[in-house]
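Coordinate inspection notes
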Amino acid sequence: MAALDYLAEERKMAEFDVEEMKIVWAGSRHACEISDRVSRLVASDPVFRKDNRTMLSRKELFKDTLRKTAHAWKRIVDLRLSEEEAATLRFYVDQPAFTDLHWGMFIPAIAGQGSEEQKQKWLPMAYKMQIIGCYAQTELGHGSNVQGLETTATFDPQADEFVIHSPTLTSSKWWPGGLGKVSTHAVVYARLITDGQDHGIHGFIVQLRSLDDHSPLPGITVGDIGMKFGSGAYNSMDNGLLRFDHVRIPRNQMLMRLSQVTREGKYLHSDVPRQLVYGTMVYIRQTIVSDASRALSRAVCIATRYSAVRRQFGSQNGGQETQVIDYKTQQSRLFPLLASAYAFRFVGEWLKSLYTDVTQRLQANDFSTLPEAHACTAGLKSITTSATADGIEECRKLCGGHGYLSSSGLPELFAVYIPNCTYEGDNIVLLLQVARFLMKTVSHLASGKKPVGTTAYMGQAEHLMQCQCEVQKAEDWLKPSVVVEAFEARSVRMSVACAKSLSKFSNPEEGFAELSADLVEAAVAHCQLIIVSKFIEKLQQDISGKGVRRQLEILCNVYALNLLHKHLGDFVSTSSITPKQGALANEQLRLLYSQVRPNAVALVDSFNHTDHYLGSVLGRYDGNVYQKLYEHAWEDPLNETVVPEGYHEYIRPILKQHIRTARL
């Protein structure tokens, strides 16, 4: 069977420099070079094979994960990779593992909340992986409501120790990655109690397992919580459960950068501002937004390439059928997701600079932008992860029946991604936090207090409440100022409307609960404005390469106008635009899809994903889909025998009985 050549023809149609777009996607020439080199290093190493992952049993999958993480660590040490290169290698191994939590949560928690002495003691061991840690916060009974955690850490002044205890079943730690089978230590979050007084939730470094034989220490019950959604996917991670039965730890294992307990049992706040903790939160959420763009780009790459390969209907006089990607229904579902991947990439890039700015301000004891930065990152984490989870599933549907095969890569990608909608803040809870900040911002407008950062536009509320959209013809929607003003007007008007409705309640909290669905919608409008604005700001930067800026302008317009189309009810009901202007936006959107079409495959090539990282027969770079689907089918364990095991026990008796009955 000859290899298909559809994608070679697609690539010839590109109207821009793909190599330059790869650099824009990566963020810099340096980042592009590292990503390209390390991804190919991983792809060429047989230990990192993953095409059989969904066929493994849970035990086999977990052992495979241990083997890969050990091999990855060996490669990092042998090749003397930099911290950036090591993180990139772990990323491209593309298998959830205990190391994700060790490097991503355990180490940052100690670095951010530990005293200088604690950092000097624990971090060198953690960096060398002489200890392996996890982040034990979530409990069986409490996740989003951290203040409701039940695990206790009671100070015993006689012994100069804390007694860590799980007083109820629901106080069991539940979900921490790496906890189930691997972690030797954990940062455990518990209620600090001294002399009968509860001081709220604090972090403690607790050893869980022996460093000699890995057995749990006395008083500790620990294990895995069981299988999770999907085949392969997040089942490679040992999400754990943990109970403490009066486990004693030294006093100096309480993380003491922000507060301490003295030898006498006195609770003290340090001079270090508590707001510093938010810096870590901004960092973690920024990485989640960047990961959203990567995950969505994988799904879009698979769906775009396959849509170009797949032909269905439309044959004229025995000629070739129509490529699925040429159907307008396919374009209107696929191209906004392609635009979203780029939009999320650029807002994630901007969040990195925001994190740097927040960090510098915190070090200078300037907390003025912190509430806004916190609300902004919370909202963007929510919006991008929800859109990405939905987008991956939409890409599976865009691939028709073959998208349902494990070998398409999409079912496992969906299963491994969707926890992002819950961890580090449930997405609806986060939007409600954004809404609270917006209501506070609106309430301050009358006092003349100027909003900052991403809410600065609210300072123009008087104008935005009464301005009228100037669009008269479809191409007017290509003007960035027109688009931004429409999104600003919609956001301000929805927030002000919520604030007015809230003011009618005598009890503000009761009003907030009653209006929570409307408040979530207002938060969504604000966050979508941020993403649109940051995409437009990206286009104002110096962008080199033939046709690169032009393609990004098209994608930016697709992203904005598709959002306007999807949320037309909000825009029209707030009188931000008229129904006629909404129809013109849709007309312009159709024209934009036609401009994306010849560049679609080249735009996903610009993600620079290796076939190994994509993990998809449908998304192969060479487009040789059907032959590889056929070959892959025969690799399934079920095809190891022609006659299935169980034939003589179960199938044959049915057939023979049926034949005998038929003769009667």
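See the structure printed just above.
For the structure given in this document, a descriptive report is provided here. From a predicted model like this one, the values you see are computed outputs, not experimental measurements.

In this section: the overall build of the protein chain. A tally of helices and strands in the protein chain yields 23 helices and eleven strands. For the protein chain, whose C-alpha radius of gyration is 27 Å, the value lies close to the compact-globule estimate of 26 Å for 664 residues. For the protein chain, the C-alpha atoms occupy an extent of roughly 95 × 80 × 65 Å along the three principal directions. Of the roughly 30500 Å² of accessible surface on the protein chain, a fraction of 53% belongs to carbon and sulfur atoms. Where the 72 positive side-chain charges of the protein chain centre and where its 73 negative ones centre are 2 Å apart.

With respect to the helices, strands and loops of the structure, aspartate 636 is situated in the loop between α22 (625-633) and α23 (647-663). With relative accessibility at 31%, the residue aspartate 636 sits in the partly exposed group. The sequence separation of aspartate 636 and valine 188 amounts to 448 residues, and the corresponding C-alpha distance is 43 Å.

Our next topic: the nonpolar core. With 127 residues, the main nonpolar core has Leu338, Tyr342, Leu380, Trp477, Leu552 and Leu555 as its most contacted residues. The element contributing the most residues to this core is helix α9 (residues 328-363), with 16 residues. Sequence-distant contacts of tryptophan 477, that is, excluding residues within four places in its chain, are made with Cys469, Val471, Val482, Val483, Ala486, Asn557, Leu561, Leu564, Ile577, Gln581, Leu584 and Ala585. Leu179, Val188, Ile249 and Met254 belong to the second largest nonpolar core, which has 24 residues in total.

Two elements in contact, α9 and helix α17 (residues 548-566), have axes separated by 8 Å at closest approach and are oriented at 105°. By the criterion of interaxial angle, the relationship of α9 to α17 is roughly perpendicular. Together, Phe335, Pro336, Leu338, Ala339, Ser340, Tyr342, Ala343, Phe344 and Phe346 of α9 and Leu552, Leu555, Val558, Tyr559 and Asn562 of α17 make up the contact between the two elements. Grouping the constituent residues of the contact of α9 with α17 by class yields twelve nonpolar, two polar and no charged.

Taken as a whole, this structure holds 41 salt bridges when the rule is applied. Aspartate 64 is the salt-bridge partner of arginine 67, the closest N and O atoms lying 3.1 Å from each other. With a gap of three residues between them, arginine 67 and aspartate 64 both fall in helix α4 (residues 58-78), about one helical turn apart. For aspartate 64, a relative accessible area of 11% gives the class buried. In this structure, lysine 473 and aspartate 476 form a salt bridge, with 3.3 Å as the shortest nitrogen-oxygen distance. Residue classification places lysine 473 among the partly exposed positions, given a relative accessible area of 41%. Members of the salt-bridge network, linked through shared partners, are Lys50, Arg53, Asp94, Arg298 and Glu412.

On to the packing of helix α6 (residues 98-113) against helix α7 (residues 116-127). Think of two packed helices as two axes; the pair is described by the angle between the axes and how far apart they sit. Where α6 contacts α7, the axes come no closer than 10 Å and their chain directions differ by 165°. Comparing the axis directions of α6 and α7 gives the class roughly antiparallel. Handedness of the α6/α7 crossing: left-handed. Contacts between α6 and α7 involve His102, Trp103, Phe106, Ile107, Ile110 and Ala111 on the former and, on the latter, Lys119, Trp122, Leu123, Ala126 and Tyr127. Among the residues forming the contact of α6 with α7, the class breakdown is nine nonpolar, one polar and one charged.

Once that is clear, we can look at unusual backbone geometry. One non-glycine residue, asparagine 317, adopts positive backbone phi at about 55°. As for its placement among the helices and strands, asparagine 317 is situated in the loop between α8 (276-309) and α9. You can call asparagine 317 exposed: its relative accessible area is 83%. Phi angles above zero are rare outside glycine, and asparagine 365 is one such case at about 60°. Along the chain, the position of asparagine 365 falls in the loop between α9 and α10 (370-398).

What follows is about the packing of aromatic side chains. Each aromatic ring pair is described using two quantities: the centre-to-centre distance and the angle formed by the ring planes. By the definition in use, this model includes 19 aromatic pairs. Summarising the aromatic geometry, the rings of tyrosine 342 and phenylalanine 346 are spaced 6.2 Å apart at their centres and angled 50° between planes, so their arrangement reads as tilted. A residue pair is termed a helical-turn pair when its members lie 3 or 4 positions apart in one helix, as tyrosine 342 and phenylalanine 346 do in helix α9 at four residues. Summarising the aromatic geometry, the rings of phenylalanine 346 and phenylalanine 535 are spaced 5.3 Å apart at their centres and angled 75° between planes, so their arrangement reads as edge-to-face. Here phenylalanine 346, found in helix α9, pairs with phenylalanine 535, found in helix α16 (residues 516-539); they are 189 residues apart in sequence, far enough to count as distant. Neither phenylalanine 346 nor phenylalanine 535 differs from the other in exposure class; each is buried. What links up through ring pairs into an aromatic cluster is the set Trp25, Tyr342, Phe346, Phe535 and Phe607. Seen from the ring of phenylalanine 91, arginine 294 lies directly overhead, with NZ or CZ sitting 4.2 Å from the centre.

Among the nine residues in helix α2 (residues 18-26), eight count as buried, and that is most of the element. Contact partners of the buried residues in α2: α3 (29-43), α8, α9, α16, α17 and α20 (600-605). The N-cap of α2, judged by a side-chain oxygen 3.0 Å from the amide nitrogen of glutamate 19 a few residues on, is aspartate 17. Directly after α2, the chain includes glycine 27, whose backbone phi takes a positive value near 105°.

Note: strands within a sheet are paired through backbone hydrogen bonds, in either parallel or antiparallel orientation. Ordered by their spatial adjacency, three strands build an open sheet running β4-β8-β7, and the pairing between neighbours is antiparallel. Every other strand in the sheet has two partners, leaving β4 (173-174) and β7 (220-224) as the edge strands with one partner each. Both β7 and strand β8 (residues 240-244) contribute to a ladder of five bridges, which runs antiparallel. Paired with isoleucine 220 across the strands is phenylalanine 244, a residue of β8.

It is worth spelling out the pairing of strand β9 (residues 247-250) at this point. The alternating pattern of β9 places Val247 and Ile249 on a buried face, while none of Arg248 and Pro250, on the opposite face, is buried. Pairing geometry for strand β3 (residues 161-165) and β9, over four bridges, is antiparallel. Directly across from phenylalanine 162, in β9, lies its bridge partner isoleucine 249.

So, about the side chain of asparagine 557. Along the chain, asparagine 557 falls in helix α17. Overall, the relative accessible area of 13% leaves asparagine 557 in the buried class. When neighbours within four sequence positions are excluded, asparagine 557 is seen to be in contact with Trp477, Leu478, Asn562 and Leu592.

What follows covers helix α5 (residues 83-93). All of the buried residues in α5 are Glu85, Ala86, Thr88, Leu89, Tyr92 and Val93. End-on view of α5: buried residues confined to an arc of 160°, all on one side of the axis. Where α5 is buried, its residues meet α3, α4 and α21 (611-614). In the stretch just after α5, aspartate 94 is the one whose phi turns positive, near 60°.

We now examine the environment of leucine 242. Here leucine 242 shows up in strand β8. Counting along the chain gives 68 residues from leucine 242 to tryptophan 174, while the straight-line C-alpha distance between them is 6.7 Å. Residues in contact with leucine 242, not counting those within four places in the same chain, are Ser166, Ser172, Lys173, Leu179, Leu208, Ile220, Thr221 and Val222.

Each value, and the rule that gives it
- Residues numbered from 1 in each chain as written.
- Predicted model: local features only at pLDDT ≥ 70, side-chain atom pairs only at ≥ 80, totals over all residues.
- Heavy atoms only, no water.
- Helix = DSSP H or I, 4+ residues; strand = E, 2+ residues; numbered from the N terminus.
- Rg over C-alpha atoms; globule rule 2.2 N^0.38 Å.
- Areas by Shrake-Rupley, 256 points an atom, 1.4 Å probe, with all protein chains shown as cover.
- Lys, Arg positive; Asp, Glu negative; His and termini not counted.
- Charge placed at Lys NZ, Arg CZ, Asp CG, Glu CD.
- Buried < 20%, exposed > 50% of the residue type's maximum accessible area, 1.4 Å probe, protein only.
- Core = buried A, V, L, I, M, F, W, Y, C linked by side-chain atoms within 4.5 Å.
- Contact = heavy atoms within 4.5 Å.
- Axes fitted to C-alpha atoms, helices over the stretch in contact; angles between N-to-C directions.
- Parallel < 35°, antiparallel > 145°, perpendicular 65-115°, else oblique.
- Nonpolar A, V, L, I, M, F, W, Y, C, P; charged D, E, K, R; others polar.
- Salt bridge = Lys/Arg side-chain N within 4 Å of Asp/Glu carboxyl O.
- Left-handed = near helix turned anticlockwise from the far one by under 90°.
- Phe/Tyr/Trp six-rings, centres within 6.5 Å; stacked < 30°, edge-to-face > 60°.
- Lys NZ or Arg CZ within 6 Å of the ring centre and 35° of its normal.
- Polar contact = N/O pair within 3.5 Å; in protein donor to acceptor, adjacent residues only side chain to side chain.
- Pairing = 2+ DSSP bridges.
- Arc of directions from axis to C-beta.

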